[in-house]
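# An overview of the molecular structure
Here is how the chains run, residue by residue.
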Amino acid sequence: MHALNDSQGAPSGTVRIVGVEYAIESLLWPKLSPVLKDHPDVKIEFVMDYGYTDLAESPCDAGVRYGDQVSEWMIAMRIGPDERTVCVGAPAYFDTAGTPEMPQDLTRHQCINLRLSNHGALYAWEFEDRDGNEIRVKVQGQAIFNTINPVLRAAKDGHGLALVPERLAQEHLDSGALRLCLGDYSPYFPGFHLYYPSRQRPSSAFGVVLDALREKG
C-alpha cells in the first residue's frame, strides 16, 4: 500500500522521532504540525527521551541531538540554529544569595538539577573559560527534575539557579522574571541536528519530514 501511495505521489506512513522535550516543543512540532495538516496519510510519533537513544535498538526512525553529540556513522542534518545553555535565576534569588562570578562558585549556591534518563546521573553543568577549556561543575540543590521545563519554572519561582537553553529562557530574561549570570562562560555550540542510520531507505513520509525540518538559509 505504501509503495502504491508513493507511486501516486501521496506520502504515507509513520515516522517516529526521539528527542528531548525542548527540541520537540521548540523545533519539531512547529515545523511538523503543518505536515500533518497537508498530508493526512502521514503519522508522526514524538518520543521524549533525555538519554542518548541508540536507533539500532529503538523503534524510532530518527533522533534529535546537538550537532556535537551525533555519532559519526549517522547521517546528520541541521534543523536549528547554534545554541548555548545559560545560567539563570530569579532576581529575588540573586538579591538573597549573591551572584556567582565564576562557574566554581556554583558549588556554594542552590541549583536546580536535571537527572539524565540514560544512566540516572545528575547532569554536570558545562562551561568554558576564555581559553576554550571545558569546565564541569557538579551542583547541588533541593529540587531535581528529569525534564527541562520544570527546571525553568523552579528558577522563576526563586528556588535556585538553573542551566537552561538560552532560547527557552529568553522571554523570561526579556521580561525581567529571570536574570543571566556567567554569560562569559557560556559559549555557543552546534544546534540541533536530525540524525538517522545511513542504511535507512527513506519512506515517502520520512522524505516529507526531512524536507520540513531542514534548516533554511
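Scroll up for the structure.
What you see is a predicted model; the values in this text were computed from it and never measured.

Conventions adopted
Residues numbered from 1 in each chain as written. Predicted model: local features only at pLDDT ≥ 70, side-chain atom pairs only at ≥ 80, totals over all residues. Heavy atoms only, no water. Helix = DSSP H or I, 4+ residues; strand = E, 2+ residues; numbered from the N terminus. Contact = heavy atoms within 4.5 Å. Axes fitted to C-alpha atoms, helices over the stretch in contact; angles between N-to-C directions. Parallel < 35°, antiparallel > 145°, perpendicular 65-115°, else oblique. Left-handed = near helix turned anticlockwise from the far one by under 90°. Nonpolar A, V, L, I, M, F, W, Y, C, P; charged D, E, K, R; others polar. Buried < 20%, exposed > 50% of the residue type's maximum accessible area, 1.4 Å probe, protein only. Polar contact = N/O pair within 3.5 Å; in protein donor to acceptor, adjacent residues only side chain to side chain. Phe/Tyr/Trp six-rings, centres within 6.5 Å; stacked < 30°, edge-to-face > 60°. Pairing = 2+ DSSP bridges. Arc of directions from axis to C-beta.

Attention now moves to the overall build of the protein chain. Secondary structure assignment for the protein chain yields six helices and twelve strands. Looking at the protein chain alone, contacts between residues at least 24 apart form 77% of all its contacts between residues at least 6 apart.

Before going further, it helps to examine the packing of helix 4 (residues 148-156) against helix 5 (residues 166-175). Remark: helix 4 packs on helix 5, axes separated minimally by 11 Å, with the N-to-C direction vectors making an angle of 25°. When the interaxial angle is binned, helix 4 and helix 5 end up roughly parallel. Where helix 4 crosses over helix 5, the two elements pack in a sense that is right-handed. Within the contact between the two elements, helix 4 uses I148, N149, L152 and K156 and helix 5 uses L168, A169 and H172. Its residues assigned to classes, the contact of helix 4 with helix 5 comprises four nonpolar, two polar and one charged.

This brings us to the side chain of H193. Position of H193 relative to the elements: it lies in strand 12 (residues 192-197). Residue H193 is classed as buried on the basis of its relative accessible area, which comes to 12%. Of note is the side chain of H193, whose polar atom sits 2.8 Å from the backbone oxygen of G191. The residues contacting H193, other than those within four sequence positions of it, are G63, V64, R65, G67, V70, A76, M77, R78 and I79.

What follows covers the packing of aromatic side chains. Scanning all chains against the criterion turns up six aromatic pairs. An aromatic cluster of at least three residues, connected via ring pairs, comprises Y22, Y66, F189 and F192.

On to the pairing of strand 8 (residues 134-137). The alternating pattern of strand 8 places I135 and V137 on a buried face, while none of E134 and R136, on the opposite face, is buried. Examined bridge by bridge, strand 7 (residues 125-128) and strand 8 share four bridges and lie antiparallel to one another. Residue W125 lies in a different strand from strand 8, and its bridge partner there is V137. In this antiparallel pair of consecutive strands, strand 7 and strand 8, the connection spans five residues, and G132 shows a positive phi of 85°.

Right, let's get into helix 4. Because each turn of an α-helix spans 3.6 residues, side chains separated by three or four positions end up pointing in the same direction. All of the buried residues in helix 4 are I148, V151, L152, A154 and A155. Seen along its axis, helix 4 keeps its buried residues to an arc of 160°; they face one direction. Those residues of helix 4 that are buried are in contact with helix 2 (21-38), strand 5 (85-89), strand 6 (113-114), strand 9 (144-145), strand 10 (162-165) and helix 5. Positive backbone phi, at 85°, marks G158, one or two positions downstream of helix 4.

Turning to unusual backbone geometry, a few remarks are in order. Negative phi values dominate among residues other than glycine, just as trans dominates among peptide bonds. The residue L182 is not glycine, and still its phi comes out positive at about 60°. The topology assignment puts L182 in the loop between strand 11 (179-181) and strand 12.

On to the side chain of S204. Position of S204 among the secondary structure elements: in helix 6 (residues 204-213). For S204, a relative accessible area of 19% puts it in the buried group. A distance of 3.1 Å separates a polar atom in the side chain of S204 from the backbone nitrogen of S12.

What follows concerns the sheet that holds strand 12. Pairing is mixed across the open sheet formed by five strands, whose spatial order is 2-1-3-12-4. Because the sheet does not close on itself, it has two edges, and the strands there are strand 2 (42-48) and strand 4 (74-78). Mean inter-strand twist for the sheet, computed between neighbouring axes without regard to direction, equals 30°. Pairing geometry for strand 1 (residues 13-19) and strand 2, over seven bridges, is parallel. Counterpart to T14 in the pairing with strand 2 is K43. Where helix 2 meets the sheet, its contacts fall on strand 1, strand 2, strand 3 (62-66) and strand 12, and the angle it forms with strand 2 comes to roughly 175°. Helix-sheet contacts for helix 6 involve strand 1, strand 2, strand 3, strand 4 and strand 12, and the interaxial angle to strand 1 is about 45°.

A few words on the sheet that holds strand 10. The antiparallel open sheet is built from three strands, whose spatial order is 10-5-11. This sheet does not close on itself; its edge strands, each paired only once, are strand 10 and strand 11. Within this sheet the neighbouring strands show an average axis-to-axis angle of 50°, counted without direction. Direction of pairing for strand 5 relative to strand 10: antiparallel, over a ladder of four bridges. Across the sheet, the residue bridging to C87 is L163, located in strand 10. Seen against the sheet, helix 5 touches strand 5, strand 10 and strand 11 and runs at an angle of roughly 105° to strand 10.

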